[in-house]
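# Structure at a glance
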Amino acid sequence: MSQKTMMRLATILERHEKDVLNEWVDQQLAAVTRRRDLVNDQELREHSRRFLAIFRQAAQNDSGADADWAEARAFLEDLSRTRARQGFSPSETAMFVFSLKQPLFARLRQEIGRDPDALGDEMWNASVVLDRLGLYTTEVYQKSREEVIVHQQREMLELSTPVVQLWQGVLGLPLIGTLDSARTQVVMENLLRSIVETGATIAVIDITGVPTVDTLVAQHLLKTVAAARLMGADCIISGIRPQIAQTIVHLGVDLNAVTTKATLADAFAIALQRTGFAVTRAASARSASPAKN
Amino acid sequence: MDRIPIIKMAEFLLVSIQVDMHDKLALTLQDDLTNQIVKSRARGVLIDISSLEIVDSFIGRMLANIAAMSRVLDAATVVVGMRPAVAITLVELGMSLTGVRTALNVERGMDLLRDALGEPAAVDGAHANAQD
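Residues numbered from 1 in each chain as written. Chains lettered and ligands numbered in written order. Predicted model: local features only at pLDDT ≥ 70, side-chain atom pairs only at ≥ 80, totals over all residues.

Quick look at the nonpolar core now. Nonpolar side chains tend to gather and get buried jointly when the protein is soluble and globular. With 74 residues, the main nonpolar core has Ile-195, Ala-203, Val-204, Ala-227, Ala-228 and Met-231 of chain A together with Ala-87 of chain B as its most contacted residues. Ranked by the residues each element gives to this core, the list is headed by helix 8 (residues 215-230) of chain A, at 8 residues. In this structure Ala-227 of chain A touches Met-188 and Leu-192 of chain A together with Ala-87, Ile-88 and Val-91 of chain B, once residues within four positions along its chain are discounted. Counting 30 residues, the second-largest nonpolar core is a separate cluster that includes Ile-12, Met-95, Leu-100 and Leu-108 of chain A. (Core = buried A, V, L, I, M, F, W, Y, C linked by C-beta atoms within 7 Å. Buried ≥ 20, exposed ≤ 12 C-beta atoms within 10 Å, placed from the backbone. Helix = DSSP H or I, 4+ residues; strand = E, 2+ residues; numbered from the N terminus. Contact = placed C-beta atoms within 7 Å.)

With 20 residues of chain A at the interface, the matching set in chain B holds 18 residues. Secondary-structure elements contributing two or more residues to the side of chain A that touches chain B are helix 7 (181-198), helix 8 and helix 10 (264-275) of chain A. Here the residues of the side of chain A that touches chain B sort into 9 nonpolar, 5 polar and 6 charged. (Nonpolar A, V, L, I, M, F, W, Y, C, P; charged D, E, K, R; others polar.)

Take unusual backbone geometry next. Residues and elements named next belong to chain B. Unusually for a residue other than glycine, Ala-10 sits at a positive phi of about 50 degrees. The residue Ala-10 is located in the loop between strand 1 (6-9) and strand 2 (12-16) in this model. Even without glycine at this site, Arg-41 takes up a positive phi of about 50 degrees. Turning to its location among the elements, Arg-41 is positioned in the loop between helix 1 (23-40) and strand 3 (44-48).

A few words now on the packing of helix 2 (residues 41-61) of chain A against helix 3 (residues 70-86) of chain A. All names here are of chain A. At a closest axis distance of 9 Å, the pairing of helix 2 and helix 3 adopts a crossing angle of 160 degrees. The orientation of helix 2 relative to helix 3 falls into the category roughly antiparallel. Crossing angle aside, the handedness with which helix 2 passes helix 3 is left-handed. Each of His-47, Arg-50, Phe-51, Ile-54, Phe-55 and Ala-58 in helix 2 lies in contact with helix 3, whose residues at this interface are Glu-71, Ala-72, Phe-75 and Leu-79. A breakdown of the residues in the contact of helix 2 with helix 3 according to their chemical character gives 7 nonpolar, 1 polar and 2 charged. (Axes fitted to C-alpha atoms, helices over the stretch in contact; angles between N-to-C directions. Parallel < 35°, antiparallel > 145°, perpendicular 65-115°, else oblique. Left-handed = near helix turned anticlockwise from the far one by under 90°.)

A few words on the pairing of strand 3 of chain B. All names here are of chain B. Taken across its 5 residues, strand 3 has 5 buried, putting it largely inside the fold. Here strand 3 shows two buried faces, one formed by Gly-44, Leu-46 and Asp-48 and the other by Val-45 and Ile-47. Summarising the sheet, strand 2 and strand 3 pair through 5 bridges and their orientation is parallel. Bridged to Leu-14 within strand 3 is Leu-46. A crossover connection joins strand 2 to the parallel strand 3 through helix 1; in handedness this β-α-β unit is right-handed. Bridge count between strand 3 and strand 4 (residues 76-80): 5 bridges; the pairing is parallel. Within strand 4, the position partnered with Val-45 by the bridge is Thr-77. (Pairing = 2+ DSSP bridges. Right-handed = clockwise from strand over helix to strand, strands pointing away.)

Turning our attention to the sheet that holds strand 4 of chain B. Residue and element names in this part refer to chain B. Sheet architecture is open: 5 strands sit in the order 1-2-3-4-5, paired in mixed fashion. Each having just a single partner strand, strand 1 and strand 5 (101-103) make up the two edges of the open sheet. Along the sheet, successive strands turn relative to each other by an average axial angle of 25 degrees, direction set aside.

All right, on to the pairing of strand 3 (residues 202-209) of chain A then. On a regular strand, one side chain projects to one face of the sheet and the next to the other, so that they alternate. Residues and elements named next belong to chain A. Taken across its 8 residues, strand 3 has 6 buried, putting it largely inside the fold. Strand direction decides the pairing type here: strand 2 (residues 170-176) and strand 3, joined by 6 bridges, are parallel. Within strand 3, the residue paired with Leu-171 across the bridge is Ala-203. Taken together, strand 2, helix 7 and strand 3 constitute a β-α-β crossover, and its handedness is right-handed. When strand 3 meets strand 4 (residues 234-238), the two strands line up parallel, connected through 5 bridges. Bridge pairing in strand 4 links Val-204 to Ile-236. Crossover connection from strand 3 via helix 8 to parallel strand 4: handedness right-handed.

This brings us to the confidence of the model for chain B. Taken as a whole, chain B shows an average pLDDT of 83; of its residues, 89% reach a score of 70 or greater. Scoring of the predicted complex yields 0.63 for pTM and 0.75 for ipTM. (pLDDT = per-residue confidence, 0-100.)

What follows covers helix 2 of chain A. Helical geometry note: an α-helix holds 3.6 residues per turn, so side chains three or four residues apart project in the same direction. All names here are of chain A. The end-to-end C-alpha distance of helix 2 is 30 Å, a good match for the 30 Å that 21 residues give at a rise of 1.5 Å each. Of all the residues in helix 2, the buried ones are Ser-48, Phe-51, Leu-52, Phe-55, Ala-58 and Ala-59. The buried residues of helix 2 all sit within an arc of 130 degrees when viewed along its axis, so they share a single face. Of the exposed residues in helix 2, those oriented more than 90 degrees away from the buried face are Gln-42, Glu-43, Glu-46 and Arg-50. (Expected span 1.5 Å × (residues − 1). Arc of directions from axis to C-beta.)

Residues and elements named next belong to chain A. The sheet built from 5 strands is open, its strands ordered 1-2-3-4-5 with mixed pairing. Across the chains shown, the open sheet's two edge strands, defined by having one partner strand only, are strand 1 (164-167) and strand 5 (259-260). Against the sheet, helix 8 engages strand 3 and strand 4, with an angle of about 150 degrees to strand 4. Helix 10 rests against strand 1, strand 2, strand 3, strand 4 and strand 5 of the sheet, and its axis sits at about 175 degrees to strand 3.

This is the structure we're talking about:
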């Protein structure tokens, strides 16, 4: 785009800024993509006014360089991020920019309608700029949504790998969800830290909540077991469902080095036995011996 | 320090690695330890690596070697006090030190050695886990 034409756009905009703004805001208020529940009229007007001012400024200074539009992009980035967090859809967010076209083009036609060539050029230039800004808005929207997802993933990782103390010297790790490398790392670190803190000698890894066990998951489990052993703690893997037992054998995964139990209760019993505890039922109310359950 | 001290306590030998192991130091330790086992007729070796922050595959292999050598000389070996980061590193290196007994701290390690030699544990209730 040449400097001259952007300059003309800027001049026209300057002359009609108030009208364009009013039309634009009215149009946004009437549009189906309007989200009255998320942003009020006043706020929308303020956003529009600020963007239009920045847009005009940028058009005035435009020299064909990308940097001239940095301020407009920064503003849209802010807006897009806020809207993504508020729950706007991508098209609702992008329409903020695209809806400026109609009032802008109307003014252009009014000003230079007698010269079709100039009008065509002018409209094309404005269109290119606005399209680019609109797409940028969508891009930022996408990015900020991805950030939200990554953040949630990280939170889930923390939430889904608790280490609990089942008994003196016995830790429990109820695993929920698929085990990938990143999670194995977190699980391993949590487990080893807990072993140091509690001085546990046995850790029960319960995989009832692990939907599938393939060779990779099995390898990750074995790694965790090996690391715990280096810290002086034995691991018992429990919660192995019938299908998973079949899968493990079919895959040829060697779990011989690890004690495995079908249920957490069995694993706990074995853990108590190894730590030298026994759970006994109180024979009767008269019995003075304290029960451990 | 060009040598890691080996302390004799009854029928056990105690080795506490307090400095970063470099390769030569590790080899000297292997030498000294095997000599000492033979000389003092020790039946158990306890290696404390709680100050060891950096390990590589060489140190890992050295630990496994020491355990294997002691076994040949009929002395049980237990490695104690490994840090979580060190444990993770060794596992990632593919060295899970199978065949080496491990314990969380020196106290448990001594229990483990006494257990292995068929003597009653000195501390009540505290149980070291046997790894075989």
